[in-house]
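Each chain, written out:
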Amino acid sequence: MLQSDLATLARVLRDDIAPHAATESVVVSDRPHARLVRYGSPDQLDLARETGAVPVLLVPPLAVTARCYDLAPGAAPRNSVVEFLLSTGTVPYVVDFGEVGRADRHLGFEDYFDSFVPRAIREVVEDFRGRSDAVDLMAWSLGGTVSLMTAANDKQLPIRSVITVGTPLNYMKLPPYPLVHRVLGPTDGRPATYALRALAGIPAPIVRTVYRGFAWQREIKKPWYILSNLDDPEALARMQVIDRFQRSLPGYPGKVAEQMLVNFIVRDELRRGTLEFENHTVDLTSITAPIFMVGSHRDAIATHAAVQHGQNLFTSSAHVEFHTVETSHLGLLSGAVAERSTWPAIAAFRDRLDAERL
C-alpha cells in the first residue's frame, strides 16, 4: 500500500475526509422539541420575498435529526436538500424536534401534528412576510406522516401542498408487520406496548442498529469499499456523511412508539386513512391540499407499494402525484440520484403550483 493510501486510510479512521459543513442559517424561534430554523442569507430571503416564492417547511422524521436535510453542503454530488432549495430561489425552514429521552416518553403524534408543526407553520408565515401567506410542507419518511396528519387535523392552516419522500402509508406492505398484525391483533398490541413503556420508547442505540440492519450489505462491504476507493476522496466523503448521519439518530418517544405499533400496525388505521388517538380523530382522506409523493422499489425501509398506497388514500386532495425514483431510502432524499431525479421532480411540481397561482 502506498504512503498516500495509508494517509487516506488514516483520515477515514479519524472521520476526517468529509467536511463538517452547514448551510448559513438563523434560529427563528427556540422552543422545546420545536426549534425553527431558517436557512439562507439575508439577500436570499429578500429575493425570495420579492419574487413571491413560497417558502418550504422541512419536517424531519421523529427518530432522525433535522440535519438530514442539510447533509454536507458544498459537496459533489449534492447531499443537501436545503442547498438545492436555495438554488431554486426558495427559502427553506426546518422544525427541529431535537433529542428525546426518557423524560419525553409522554410525547405522542398529537404533540407533533397538533402543536409543534402547526406552530412552526404559523411562525414561518410570520417570519417570511412575503407575497405568499402559504407554506409547502416537505418531509422524508415518517416526517411525511406527521406532515399529512398536520394537514388533515387542521384544514385552516396555510398549507399549499404536502411533499413526501419515502413515506410509507400502508404498513401491511412492510415486512414483517403483517405478521406482527396477526400475532398482536387479538391483544390490541399487548404485551409489546408494555415493553415499550418499560423502555420509555425505542432508545437511540436500537434505532441506529435497526437502521444499519436494513443496509446490512453496505455494512459488510464497507472495509472493501474503503480499500477500493482510497484514490477517490469524494466516494469516501459520501460514505462518511452517511456514517455520521447514522450515528446521530435519536430514539422514538414512548407514546409515539406505542402509537406506531397500535395505530399503524395492530389496528391498521393508517392504511384505511382514519387514525383514532386519545383526543383526536385524524382523517387523511379529507386532505384537500395537493400531495406529491416519491417512492422506490429499492427502498428497504419504505417499500414502493407502501408509499404508492397514497394514490388510493387521498381521495379529497385537489391533486395527487406519485413519482418513482429507484434508489435507497436515504438516496431518495440525498446524493446523486436525488439530485438527478427526486429534486427536479419536486421542483417541477412546485413550479406547476406556482403557475396555477398566477
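Everything below is about the structure printed above this text.
Below or above, wherever it landed, is the structure these notes cover. What you see is a predicted model; the values in this text were computed from it and never measured.

Cut-offs applied
- Residues numbered from 1 in each chain as written.
- Predicted model: local features only at pLDDT ≥ 70, side-chain atom pairs only at ≥ 80, totals over all residues.
- Heavy atoms only, no water.
- Buried < 20%, exposed > 50% of the residue type's maximum accessible area, 1.4 Å probe, protein only.
- Helix = DSSP H or I, 4+ residues; strand = E, 2+ residues; numbered from the N terminus.
- Pairing = 2+ DSSP bridges.
- Core = buried A, V, L, I, M, F, W, Y, C linked by side-chain atoms within 4.5 Å.
- Contact = heavy atoms within 4.5 Å.
- Axes fitted to C-alpha atoms, helices over the stretch in contact; angles between N-to-C directions.
- Phe/Tyr/Trp six-rings, centres within 6.5 Å; stacked < 30°, edge-to-face > 60°.
- Expected span 1.5 Å × (residues − 1).
- Parallel < 35°, antiparallel > 145°, perpendicular 65-115°, else oblique.
- Nonpolar A, V, L, I, M, F, W, Y, C, P; charged D, E, K, R; others polar.
- Salt bridge = Lys/Arg side-chain N within 4 Å of Asp/Glu carboxyl O.

### Observations regarding the pairing of strand S3 (residues 56–59)
And step 1. Residues Val-56 and Leu-58 point to one face of S3 and Leu-57 and Val-59 to the other, with burial holding for every one of them.
And step 2. Sheet topology note: the S3/strand S4 (residues 92–96) ladder contains three bridges and is parallel. Within S4, the position partnered with Leu-57 by the bridge is Tyr-93.
And step 3. Here S3 pairs with strand S5 (residues 135–140) via four bridges, running parallel. Pairing of Leu-58 across the sheet is with Met-138, part of S5.

### Topic: the nonpolar core
And step 1. Counting residues in hydrophobic clusters, the biggest one holds 99 residues, and the most contacted among them are Leu-57, Tyr-69, Phe-109, Phe-264 and Leu-284.
And step 2. Per-element tally for this core: the top contributor is helix H4 (residues 109–128), with nine residues.
And step 3. Sequence-distant contacts of Tyr-69, that is, excluding residues within four places in its chain, are made with Leu-58, Val-59, Pro-60, Pro-61, Ser-80, Val-81, Val-82, Val-94, Met-138, Ala-139, Trp-140 and Leu-333.

### What about the pairing of S4?
And step 1. Across the five residues that make up S4, a large majority, four, are buried.
And step 2. Inspection of the sheet shows strand S2 (residues 35–39) paired to S4 by four bridges, in the antiparallel sense. Looking across to S4, one finds that Val-37 is bridged to Val-94.

### Re the sheet that holds strand S6 (residues 159–165)
And step 1. Judged by pairing direction, the sheet is mixed, and its eight strands sit side by side in the order S1-S2-S4-S3-S5-S6-S11-S12 without closing on themselves. Each of the sheet's edge strands pairs with one partner strand only, and the pair in question is strand S1 (25–29) and strand S12 (320–324). Strand-to-strand twist of the sheet, defined as the mean angle between neighbouring strand axes without regard to direction, takes the value 20 degrees.
And step 2. Direction of pairing for S1 relative to S2: antiparallel, over a ladder of four bridges. Directly across from Val-27, in S2, lies its bridge partner Val-37.

### A few points about the packing of aromatic side chains
And step 1. Applying the stated criterion across every chain, the model contains nine aromatic pairs.
And step 2. Each ring, one from Tyr-112 and one from Phe-116, has its centre 5.1 Å from the other, and the planes form 90 degrees; the classification is edge-to-face. One end of the pair is Tyr-112 and the other is Phe-116, both in helix H4 and four residues apart, which spans about a single turn. For the pair shown, Tyr-112 and Phe-116 are each scored as buried.

### Thoughts on helix H5 (residues 142–153)
And step 1. The end-to-end C-alpha distance of H5 is 16 Å, a good match for the 16 Å that twelve residues give at a rise of 1.5 Å each.
And step 2. All of the buried residues in H5 are Leu-142, Gly-143, Gly-144, Thr-145, Val-146, Ser-147, Leu-148, Met-149, Thr-150, Ala-151 and Ala-152.

### Things to note about the packing of helix H6 (residues 177–184) against helix H11 (residues 254–266)
And step 1. At a closest axis distance of 10 Å, the pairing of H6 and H11 adopts a crossing angle of 95 degrees. When the axis of H6 is compared with that of H11, the two are roughly perpendicular. The residues of H11 that touch H6, namely those facing Tyr-177, Val-180, His-181 and Leu-184, are Leu-261, Ile-265 and Val-266.
And step 2. Along the lines of polarity and charge, the residues of the contact of H6 with H11 split into six nonpolar, one polar and no charged.

### Examining the environment of Glu-50
And step 1. Positionally, Glu-50 belongs in helix H2 (residues 42–51).
And step 2. Here Glu-50 falls in the exposed class, since its relative accessible area comes to 52%.
And step 3. Taking the C-alpha atoms as reference, Glu-50 lies 7.1 Å from Gly-130; in sequence the two are 80 residues apart.

### As for the pattern of salt bridges
And step 1. What the rule picks out here adds up to 13 salt bridges.
And step 2. Among the salt bridges present, the one from Glu-110 reaches Lys-255, with a minimum N-O distance of 2.9 Å. Highlighted residues: Glu-110 in helix H4 and Lys-255 in helix H11, separated in sequence by 145 residues.
And step 3. A salt bridge links Asp-188 to Arg-267, with the nearest nitrogen and oxygen atoms 2.7 Å apart. Residue Asp-188 is located in the loop between H6 and helix H7 (192–199), and its partner Arg-267 is located in the loop between H11 and helix H12 (269–272); the two are separated by 79 residues in the primary sequence.
And step 4. Salt bridges sharing partners connect three or more residues here, namely Asp-136, Arg-160, Arg-350 and Asp-354.

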